[in-house]
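Residue-level listing of the chains:
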Amino acid sequence: SSTLSSLRALTSSEYKVPGTEKFFKKQEVYGRPMSPHLTIYKPQLTSMLSISHRGSGVGYAVLLYGGAVMTLLPGGFSHYVSLAEQFAPGAGVILALKAIVALPLVYHTVNGFRHLAWDTGKGFKIAEVYKSGWFTVGSSLVISLLMASLL
Amino acid sequence: KQWYQRRVAITAGETPGEKPHMDTFKVDLNQCGPMVLDALLLIKNQMDPTLTFRRSCREGICGSCSMNIGGTNTLACISRIDPDVTRETKIYPLPHMYVVKDLVPDMTHFFEQYASVQPWLQRDEKIEYGATQLQQSPKEREILDGLYECILCACCSTSCPSYWWNSDKYLGPAVLLQSYRWLADSRDHKTKERLEKLADPFSVYRCHTIMNCTKTCPKGLNPGKAIAEIKKLMAKHL
């Protein structure tokens, strides 16, 4: 539609809310301090899971691209696997490391389904958000461990 | 005797260039009412008369005394003081707002954003007030429950990290809840125009469903859900 085609980033001179530019200029002129935010706001399941979704997304993308690049490097992927095998860590350590590598991918996927449910409008009551949130955390840990032990 | 420590963010209202700092006050809980606002008033009356904060109704309906108490945003007048005297309660102004003095943020832009969503009834024909009742079925009226009760205290918007980073262009949960209040009202005819006004990458779509807003609302409302409904309407009609 024509409306969607006009979706583009607004430049600062095109503020939709009149008075925006004047407001921020005034704060600058008065030299007003900004109240603290990240440093003082209580970490909650809502915000912590949300930032983890972003972080795990970046994390597993790095893993994916990193792994892909590694196949192009001299010696290929198997060369680096044999390098790592020389350290010969214990089976427990290998399991833990594999689980840690799997966790961002698993968490992001499980939380992704939570986001899809939200997109339909479901699960927004705060009790539901917390229930689904803890379920996401728990199942991500379990599935990561399972994947690490079986794969 | 019960002593209770309270740290309150003090910012320079008078001396320019003075760095904002925290002041600590000890309050005897036996001499004080049960709510955080009572403690603030006690401090102002007996210890430091320069302590500055907004307040009015003292019953959680006006939205004046919204501030960050113990890490989350609520109304001071309905926030009970933590009876554990071994712990300090930290009180800060609403997060990521320009501070006028102490606990008083500049709310001008917040209200400008509210005005920008045209929070009044708009119909195709000219409304002759008092001529007829604009009727609405009980089911249609029920949709407005959980939307009309907003007191515009700004606790939700200032709990939203997205609003912290983009308050110039992102409208924030409070304003969007009210925008949805008018989108959902069966008596309003300008749904399409309202949605078109929201069609840009920032006004609505900086919401990433962080859900700090619903968690912190002192009136138990659900701005997160309202924004999700707006997104559904946008997808359906635009």
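Conventions used here
- Residues numbered from 1 in each chain as written.
- Chains lettered and ligands numbered in written order.
- Predicted model: local features only at pLDDT ≥ 70, side-chain atom pairs only at ≥ 80, totals over all residues.
- Heavy atoms only, no water.
- Helix = DSSP H or I, 4+ residues; strand = E, 2+ residues; numbered from the N terminus.
- Buried < 20%, exposed > 50% of the residue type's maximum accessible area, 1.4 Å probe, protein only.
- Contact = heavy atoms within 4.5 Å.
- Areas by Shrake-Rupley, 256 points an atom, 1.4 Å probe, with all protein chains shown as cover.
- Lys, Arg positive; Asp, Glu negative; His and termini not counted.
- Charge placed at Lys NZ, Arg CZ, Asp CG, Glu CD.
- pLDDT = per-residue confidence, 0-100.
- Expected span 1.5 Å × (residues − 1).
- Patch = residues over 30% accessible without salt bridge, like charges linked within 9 Å, V, L, I, M, F, W, Y side chains within 5 Å.
- Salt bridge = Lys/Arg side-chain N within 4 Å of Asp/Glu carboxyl O.
- 1 Å grid on protein atoms, 1.4 Å probe; cavity = no way out; pocket = protein on both sides within 12 Å on 5 of 7 lines; lining within 4 Å.
- Points joined across faces, edges and corners; volume = space filled by probe spheres on them.
- Nonpolar A, V, L, I, M, F, W, Y, C, P; charged D, E, K, R; others polar.
- Core = buried A, V, L, I, M, F, W, Y, C linked by side-chain atoms within 4.5 Å.
- Buried area = accessible area lost by both parts, 1.4 Å probe.
- Polar contact = N/O pair within 3.5 Å; in protein donor to acceptor, adjacent residues only side chain to side chain.

Structural notes on the overall build of chain B
- Helix and strand content of chain B: 8 helices and 7 strands.
- Principal axes of the C-alpha set define a box for chain B whose edges measure 65 × 35 × 30 Å.
- In chain B, which comprises 238 residues, the share counted as buried stands at 55%.
- A sequence separation of at least 24 residues applies to 66% of the contacts in chain B between residues at least 6 apart.
- Taken as a whole, chain B presents about 11,000 Å² of accessible surface, with 50% of it coming from carbon and sulfur.
- Counting 31 positive and 27 negative side-chain charges, chain B places the averaged centre of each group 3 Å from the other.

Observations regarding the confidence of the model for chain A
- In this model, chain A carries an average pLDDT of 87, and 91% of its residues clear a pLDDT of 70 or more.
- Highest mean pLDDT in chain A belongs to helix 6 (residues 126–150) of chain A (95); lowest belongs to helix 1 (residues 2–5) of chain A (48).

A few points about helix 1 (residues 36–47) of chain B
- Along its 12 residues, helix 1 of chain B runs 15 Å from first to last C-alpha, staying within 8% of the 16 Å computed at 1.5 Å per residue.
- Listed in full, the buried residues belonging to helix 1 of chain B are Val36(B), Leu37(B), Ala39(B), Leu40(B), Leu42(B) and Ile43(B).

Section: a nonpolar patch on the surface
- Taken together, Val142(A), Ile143(A), Leu146(A), Met147(A), Leu150(A) and Leu151(A) make up a surface patch of nonpolar side chains, about 590 Å² in accessible area.
- Inspection of the secondary structure puts Leu151(A) in the segment after helix 6.

Examining the layout of surface pockets
- The volume enclosed by the largest pocket comes to roughly 700 Å³.
- Forming the boundary of the largest pocket are 22 residues, of which Leu63(A), Phe77(A), Leu97(A), Lys98(A) and Val101(A) lie nearest the centre.
- At the level of elements, helix 3 (45–72), helix 4 (76–85), helix 5 (91–119) and helix 6 of chain A are the ones that each hand at least two residues to the lining of the largest pocket.
- Residues of the lining of the largest pocket, tallied by class, amount to 18 nonpolar, 2 polar and 2 charged.
- There is about 550 Å³ of room inside the second largest pocket.
- Along its surface, the second largest pocket is lined by 23 residues, and Ser50(A), Ile51(A), Arg54(A), Pro161(B) and Ile210(B) are the ones closest to its centre.
- Those elements that provide at least two residues to the lining of the second largest pocket are helix 3 of chain A together with helix 4 (161–166) of chain B.

A few points about empty space enclosed by the protein
Residue and element names in this part refer to chain B.
- Counted under the stated rule, the structure contains 4 cavities of 30 Å³ or more.
- Taken as a whole, the largest cavity spans an internal volume of roughly 100 Å³.
- Lining the largest cavity we find 15 residues, and of these Cys-150, Cys-153, Cys-156, Cys-217 and Leu-221 sit closest to its centre.
- In terms of residues, the lining of the largest cavity owes the most to one element, helix 5 (residues 173–183), which gives 3 residues.
- Here the residues of the lining of the largest cavity are counted per class, giving 14 nonpolar, no polar and 1 charged.
- Of the pockets and cavities examined, the second largest cavity occupies roughly 80 Å³.

Details of the nonpolar core
Residues and elements named next belong to chain B.
- Core analysis: the largest hydrophobic core is formed by 37 residues, its most contacted members being Phe-110, Leu-176, Tyr-180, Leu-198 and Ile-230.
- Excluding residues that lie within four positions of it along the chain, Tyr-180 makes contacts with Leu-147, Ala-226, Glu-229, Ile-230 and Leu-233.
- Counting 24 residues, the second largest nonpolar core, distinct from the first, contains Phe-25, Val-27, Leu-37 and Met-67.

Here we look at the interface of chain A and chain B
- Listed per partner, the contact involves 41 residues of chain A and 51 residues of chain B.
- When the two sides are added together, the surface that chain A and chain B hide from each other amounts to roughly 4,100 Å², 67% of it contributed by carbon and sulfur.
- At the surface where chain A touches chain B, the tally comes to 2 salt bridges.
- Along the contact surface separating chain A from chain B lie 15 residue pairs in polar contact (both at pLDDT 80 or more).
- If you list the elements that add at least two residues to the side of chain A that touches chain B, you get helix 1, helix 2 (20–30), helix 3, helix 5 and helix 6 of chain A.
- For the side of chain A that touches chain B, the residue count by class is 20 nonpolar, 14 polar and 7 charged.

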